[in-house]
Each structure stands twice: as structure tokens, then as C-alpha cells.
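Summary of structural features
One-letter residues, chain by chain:
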Amino acid sequence: MAIRITCDKKGYEDCWVEFRSDRWTFKDRRTLTETTSDEEVFNIVLSYITDWHLLDVDHELIPFDPSGGLSLLDNLDDTV
């Protein structure tokens with residue numbers, strides 16, 4: 001069963017991200033703690049996401065497409 005994280009920021013209360021419930025590998029955890037690259041961190045985190053309901057800064061739905069990579073998040077509100 002997926003683990004759902006919801007947002008409580010005004011205007012984004014219906015947004016959520018679901019992560020797969022299996023454990024993270026030691027390699028991924030080690031990479032996350034050792035890297036200084038935001039891109040590397042986000043690519044690892046994206047690999048654990050199974051679904052989402054996210055809105056961009058224009059309140060348009062960001063389609064869930066794992067093959068889209070980090071560019072999917074380009075118009076995401078950085079404060080959320």
C-alpha cells in the first residue's frame with residue numbers, strides 16, 4: 001500500500017504525493033546523504049513516487065508521468 005503525503009498550504013489542500021511503501025535501498029539513502037546535487041536527490045525521490053495530484057503555480061494539474069523526469073516540476077510552486 002502506498003504512503004500518501006498531503007499538503008495543508010492554503011490553495012493546495014487537495015494536493016498529495018504517494019510513495020511506494022517498500023523500503024529504500026541503502027545505496028539510495030547513502031547517495032541522498034552524500035550528494036550535493038539537487039538533481040540527483042530529486043531523481044532518486046521521483047523513482048519512489050507512485051502517483052500524485054499536484055498543481056503548478058497557475059493551479060493547473062501536473063500530469064503524473066515518471067518518464068518526464070525533473071522537467072515535470074519546472075512550474076511547481078517552490079514555496080509549497
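Quantities reported herein were computed from a predicted structural model and do not represent experimental measurements. Counting of residues starts from 1 at the beginning of each chain's written sequence and follows it residue by residue. Since the coordinates come from a predicted model, pLDDT governs what is reported: local features require at least 70, and pairs of side-chain atoms require 80 or more to be given and counted, while whole-chain, interface and lining totals use all residues. Hydrogens are left out, water is left out, and the side-chain values use all remaining heavy atoms of the structure.

**Observations concerning the environment of P66**
In this structure, P66 sits in the segment after strand 4 (61–62). By relative accessible area, P66 is classed as exposed at 57%. Here the alpha-carbon distance between P66 and N43, two residues 23 residues apart in the chain, equals 9.9 Å. Helical segments are the DSSP runs of H or I of at least four residues, strand segments are the runs of E of at least two, and each set is numbered from the N terminus. Burial classes: relative accessible area under 20% of the type maximum marks a residue as buried, over 50% as exposed, and values in between as partly exposed (1.4 Å probe, protein chains only).

**Structural notes on the side chain of T35**
By secondary structure assignment, the location of T35 is in the loop between helix 1 (26–34) and helix 2 (38–48). Within polar-contact distance, the side chain of T35 engages the backbone nitrogen of S37 at 3.0 Å. Counting of polar contacts relies on pairs of N or O atoms within 3.5 Å, with two restrictions inside protein: one atom must be capable of donating a hydrogen and the other of accepting it, and residues adjacent in sequence are counted only when both atoms are side-chain atoms. Of note is the side chain of T35, whose polar atom sits 2.9 Å from the side chain of E40. Pairs of residues are marked as contacts when any of their non-hydrogen atoms sit within 4.5 Å. In this view, T35 contacts E40 and V41; residues no more than four positions away in its chain are not counted.

**Let's talk about the confidence of the model for the protein**
pLDDT is a per-residue confidence score from the predictor, ranging from 0 to 100. Chain-level pLDDT for the protein is 91 on average; 100% of the residues reach the 70-or-more range. Mean pLDDT across the elements of the protein ranges from a minimum in helix 2, with 90, to a maximum in strand 2 (residues 16–19), with 96.

**A word on the packing of aromatic side chains**
Each aromatic pair joins two rings of Phe, Tyr and Trp (for Trp, the six-membered one) with centres within 6.5 Å, and gets the label stacked for planes under 30 degrees apart, edge-to-face for over 60, and tilted for any other angle. Counting across every chain of the model gives two aromatic pairs. Between W24 and Y48 the ring centres are 4.0 Å apart and the planes differ by 5°, which places this aromatic pair in the stacked class. One end of the pair, W24, is in the loop between strand 2 and helix 1; the other, Y48, is in helix 2, and 24 residues separate them in sequence. With 5.2 Å between their ring centres and 80° between their planes, W52 and F64 make a pair best called edge-to-face. Here F64 lies in the segment after strand 4 and W52 lies in strand 3 (residues 49–55), a separation of twelve residues in the sequence. The ring centre of W16 lies 3.7 Å from the NZ or CZ of R4, which sits over that ring. Whether a charge sits over a ring comes down to the Lys NZ or Arg CZ being within 6 Å of the ring centre and within 35 degrees of the ring normal. R20 extends its terminal NZ or CZ atom over the ring of Y48, reaching a point 3.8 Å from the ring centre.

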